[in-house]
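A look at the structure
For reference, the chains in residue letters:
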Amino acid sequence: KHWTNSSSFDLQHSLTMAKRDFSEISDTCSWESPDYEPWFPVSEKSNPLTRDIDKASPNHIVRLLAACDAQMFQTDTGTIYQRLFSDSVVRTMLEVARTVEQILRDPEDSLIVLSGCGTSGRLAFLIASRFNRSLRDRQQTTVYSYIIAGGDRALLTSQEASEDDPKLGILTLEKLCEGKRHVLFIGISCGLSAPFVAGQLDFCLKHPDIYTPVLVGFNPVTQAREETMPGYSLTFREVVQRMEEQRGQRAFIINPAVGPEAISGSSRMKGGSATKILLESVLAAAHTAAFTNTHVTRRVLLDMMRGYERVYSVTYSHSDQIATLLQTAGLSLQCGGRVCYLSWGSLGLVGLIDASECIPTFGADYEDIRGFTSGGYQDMDNIEGDLTSLGSQFCVAHEDFVSLVLPTLSDRDTVLLLYTCHDDVGEVEKMAHRVREKTSNLHSLYHGLEGDSAADSIALLCSSVLNITWPSSSTVHMQWELSSKLVLNAVSTGSHVLKGKIYRNHMVDLQVTNSKLYHRAIHILQKLSDVSLTQCEEALLKAIYNVEQLPEDITSAGVTTHTLTASRRKRVVPLALVCLLIGCSLSEAESRLESHPVVRDAVEACLTSSQHLTSSPGDQTSTNQ
Ligand code: S6P
């Protein structure tokens, strides 16, 4: 009871803080207004709260992220958007949970497949593994499997191109489900946009005797992607429309809005968290019903979801400690150092996932922020098994940390230990000592249960300690995972903000490796340069192909060709932006960028000089803006 009270206080406190700090922005410029960036779906809009996140202090960054995350749990505000707790959403979750329950009662020849691209695929893996483990613990047949576009290597590295391939999605699904009598297919696409997932959903609709499709995402169906998919006759939106025709019986759509991401389009953050909250609530409610011989109820489902809301508020009640971590990680990145997450037990995957996402999100090197987990591949339970032979990037065990990183560790690097009271604290302490011999920049995140106490011996070795205490419950492991995800997302995002990778709330130097990112790049260019979309696309193509004039064979080529070429080039969006702002050649843009290695500084310098060019002499207002 005490815990419930204190967390509702924390939640209230976080929300009040956010309101106090951003009342002006949120009151005058709500993202829910039909006039706010109407050309973007929610998942791609820029969040009004984080407009100035690039200039915020570590403490302020954490408060901004808390305010953005709070939007996940906001109730219906009477707009077109349904939210996590809306009746329609909870009703569909209930229906899906009942289907899961039936499969659990009669699992023969049945499969529950979770599938997605990038972060959505990683969460599919995380959730499927967790629930299979829970079935194994009860000596039950395992029924879950996962698909991630690009295969298991995409769990740890960026394989963004496979996201664009609907046929590959279908082939992978067909192969996985060979011989099954009943398949519940859960396709996750936060933006209702990934062709890989759309192909799979369409395939399920065409084979209703075996497949029941569920779509999980965070845009209204009217905002599903409209662009044609390579080699396919339908768009994502058309597939969703077909699902709507079957809705409630043979197809389900769970798509609450959770508000725009803190860094525009970065669906690994709220999109990933909301996917975890939503699917784990559905599956846990189904497991409870099936193994206690009851039926899934709305109440059990809502209790689970409220539990996650408390995780949010309890985690952010430690904002100061999160800010300390973010600051130290930011300093490491700024001076060319590394950030390492050393995780134990169930937190291992959360660390690996957060670290691997920095590569596509911030164009980071895999050594900048890197995760290692105590059990390595043995504990991961991934379909393709040990991936170590694929290269150093795939070395994820603590032994790998000891041989590859520890020898060269110094005070420039930040090491974060992530463990819980269920892990071998002696092992954690041993590792802490080894790290401490090399660097004093050691920190810890510990999850404990009420009544037990954290190991002081480890705390004494750390320069900062974040201990979170939780009441015991059957789902506490999943709550620890979400809490750790929120902390790590804040650390990796915040540290890259401090490194200057973000301009306003846009990641300008994005890698243009698939069609979603290609279109996002054009829109960022348009927003920052204020010229037409056509001019922006031309500038982007010039930067991708490194040409001053666009020949016919480039302009007539498809987006897939452009993204393939772009994946071999660096800094194409900043280059295009400088060209647009200054009206200069690519080579001049390159030399300007060389003199400003920090992207935010480069953009600001160009904006200032473009204002000089356009303002009349003596016009102080425009030059000083
Ligand atoms: C986003 C992440 C991406 C997305 C992927 C799938 O932060 O870097 O890899 O997860 O593009 O997106 P969606 O909208 O289909 O879930």
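Just so we're clear, the structure is a prediction, and the values are computed from it rather than from any experiment. (Residues numbered from 1 in each chain as written. Predicted model: local features only at pLDDT ≥ 70, side-chain atom pairs only at ≥ 80, totals over all residues. Heavy atoms only, no water.)

**Points about the overall build of the protein chain**
Across its full length, the protein chain holds 24 helices and 12 strands. The C-alpha atoms of the protein chain give 24 Å as radius of gyration, which agrees with the globular expectation for 625 residues (25 Å, within 12%). Expressed along its principal axes, the backbone C-alpha trace of the protein chain runs to roughly 80 × 60 × 50 Å. Among the 625 residues that make up the protein chain, the fraction classed as buried is 60%. Considering only intrachain contacts with a sequence separation of at least 6, the fraction spanning at least 24 residues in the protein chain is 74%. When the accessible area of the protein chain is evaluated, it comes to approximately 24,500 Å², of which 49% is carbon and sulfur surface. (Helix = DSSP H or I, 4+ residues; strand = E, 2+ residues; numbered from the N terminus. Rg over C-alpha atoms; globule rule 2.2 N^0.38 Å. Buried < 20%, exposed > 50% of the residue type's maximum accessible area, 1.4 Å probe, protein only. Contact = heavy atoms within 4.5 Å. Areas by Shrake-Rupley, 256 points an atom, 1.4 Å probe, with all protein chains shown as cover.)

**Description of the site of the ligand**
The immediate surroundings of the ligand are formed by 15 residues, with Ser120, Glu163, Ser189, Cys190 and Lys516 found nearest. Within the backbone of threonine 119, one N or O atom sits 2.9 Å away from an oxygen atom of the ligand. Take cysteine 190: an N or O atom from its main chain is 2.8 Å from an oxygen atom of the ligand. For the ligand, whose free accessible area comes to 420 Å², the fraction covered by protein is 94%. Per element, the largest residue contribution to the shell around the ligand is 3 residues, and it comes from helix α4 (residues 118-137). (Near = heavy atom within 4 Å. Polar contact = N/O pair within 3.5 Å; in protein donor to acceptor, adjacent residues only side chain to side chain.)

**Thoughts on the environment of cysteine 68**
Summarising the element assignment, cysteine 68 is placed in helix α2 (residues 58-70). Each residue touching cysteine 68, except ones within four places of it in the same chain, is listed here: Asn47, Leu49, Thr50, Ala262 and Lys270.

**A word on unusual backbone geometry**
In this structure, glutamine 139 is a non-glycine residue whose phi angle is positive, near 55 degrees. Structurally, glutamine 139 can be placed in the loop between α4 and β2 (144-148). Judged by relative accessible area, which is 72%, glutamine 139 ranks as exposed. In this model, asparagine 293 sits at a positive phi of 55 degrees, which is unusual for a non-glycine residue. With respect to the element layout, asparagine 293 can be found in the loop between α8 (270-292) and α9 (298-316).

**Things to note about the pairing of strand β7 (residues 369-373)**
The element β7 is largely enclosed, with a buried count of 5 among its 5 residues. Judged by which residues are buried, β7 turns out to be covered on both faces: Ile369, Gly371 and Thr373 on one side and Arg370 and Phe372 on the other are all buried. As judged from the 5 bridges shared by strand β6 (residues 339-343) and β7, these two strands associate in the parallel manner. When the bridges of β7 are listed, tyrosine 341 appears paired with glycine 371. (Pairing = 2+ DSSP bridges.)

**Thoughts on the packing of aromatic side chains**
Scanning the entire structure with this criterion turns up 9 aromatic pairs. For the ring pair phenylalanine 73 and tyrosine 312, a centre distance of 5.7 Å and an interplane angle of 45 degrees mean the geometry is tilted. A residue pair is termed long-range when its members are at least 10 positions apart, and phenylalanine 73 in the loop between α2 and α3 (87-105) and tyrosine 312 in helix α9 qualify at 239 residues. Neither residue differs from the other here; phenylalanine 73 and tyrosine 312 are each classed as buried. These aromatic residues form a ring-pair network of at least three members: Phe73, Tyr312 and Tyr316. The ring of phenylalanine 85 has arginine 306 sitting right over it, with the charged end atom 3.8 Å from the ring centre. (Phe/Tyr/Trp six-rings, centres within 6.5 Å; stacked < 30°, edge-to-face > 60°. Lys NZ or Arg CZ within 6 Å of the ring centre and 35° of its normal.)

**Topic: the sheet that holds strand β4 (residues 211-216)**
Strand order in the open sheet made by the 5 strands is β2-β1-β3-β4-β5, with parallel pairing throughout. Lying at the two open borders of the sheet, with one neighbouring strand each, are β2 and β5 (252-254). Each neighbouring strand pair of the sheet contributes to a mean axis angle of 20 degrees, computed without reference to strand direction. Of the pairings in the sheet, the one linking strand β1 (residues 110-116) to strand β3 (residues 182-188) comprises 7 bridges and is parallel in character. Across the sheet, serine 115 pairs through a bridge with glycine 187, a residue of β3. (Axes fitted to C-alpha atoms, helices over the stretch in contact; angles between N-to-C directions.)

**Section: the state of the cysteines**
Throughout the structure, instances matching the rule amount to 0 disulfides. Its sulfur unpaired, cysteine 579 is 4.6 Å from the next cysteine sulfur, which belongs to cysteine 584. Since its relative accessible area comes to 15%, cysteine 579 is described here as buried. (Disulfide = S-S within 2.5 Å.)

**Things to note about helix α5 (residues 166-176)**
All buried positions along α5 are accounted for by Pro166, Gly169, Ile170 and Leu173. In an axial view of α5, the angular spread of the buried residues amounts to 95 degrees, which keeps them on one side of the axis. The outward face of α5, more than 90 degrees from its buried face, is lined by the exposed residues Leu171 and Lys175. Of the surrounding secondary structure, the elements contacted by the buried residues of α5 are β1, β2, β3, α6 (195-206) and β4. By the N-cap criterion, in which a side-chain oxygen at the helix start approaches the backbone nitrogen of a residue two or three places on, α5 is capped by aspartate 165, the distance to lysine 167 being 3.2 Å. (Arc of directions from axis to C-beta.)

**Focus on the nonpolar core**
By size, the foremost hydrophobic cluster in this structure holds 175 residues, and its most contacted members are Tyr144, Phe401 and Leu417. In terms of residue count, the dominant contributor to this core is α8 (11 residues). Ranked by size, the runner-up nonpolar core spans 32 residues in total, among them Ala149, Phe203, Ala224 and Met243. (Core = buried A, V, L, I, M, F, W, Y, C linked by side-chain atoms within 4.5 Å.)

**Quick word on the confidence of the model for the protein chain**
Taken residue by residue, the protein chain gives an average pLDDT of 91. The fraction at 70 or more is 93%. Contacts for the low-pLDDT stretch residues 1-11, under 50 throughout, to residues beyond four places or in other chains number 15 contacts. The model gives residues 18-25 a pLDDT under 50, and that stretch makes 13 contacts with residues more than four places away or in other chains. The ipTM value of the predicted complex is 0.99, and its pTM value is 0.92. (pLDDT = per-residue confidence, 0-100.)

**A closer look at the packing of helix α17 (residues 515-529) against helix α18 (residues 533-545)**
Contact geometry of α17 with α18 gives a least axis separation of 9 Å together with a crossing angle of 120 degrees. Our classification of the angle between α17 and α18 gives oblique. The way α17 lies across α18 gives a crossing that is right-handed. Along the contact surface, α17 presents Tyr518, Ala521, Ile522, His523, Leu525, Gln526 and Ser529, while α18 presents Leu533, Cys536, Glu537, Leu540, Leu541 and Ile544. Taken together, the residues that form the contact of α17 with α18 break down as 9 nonpolar, 3 polar and 1 charged. (Parallel < 35°, antiparallel > 145°, perpendicular 65-115°, else oblique. Left-handed = near helix turned anticlockwise from the far one by under 90°. Nonpolar A, V, L, I, M, F, W, Y, C, P; charged D, E, K, R; others polar.)

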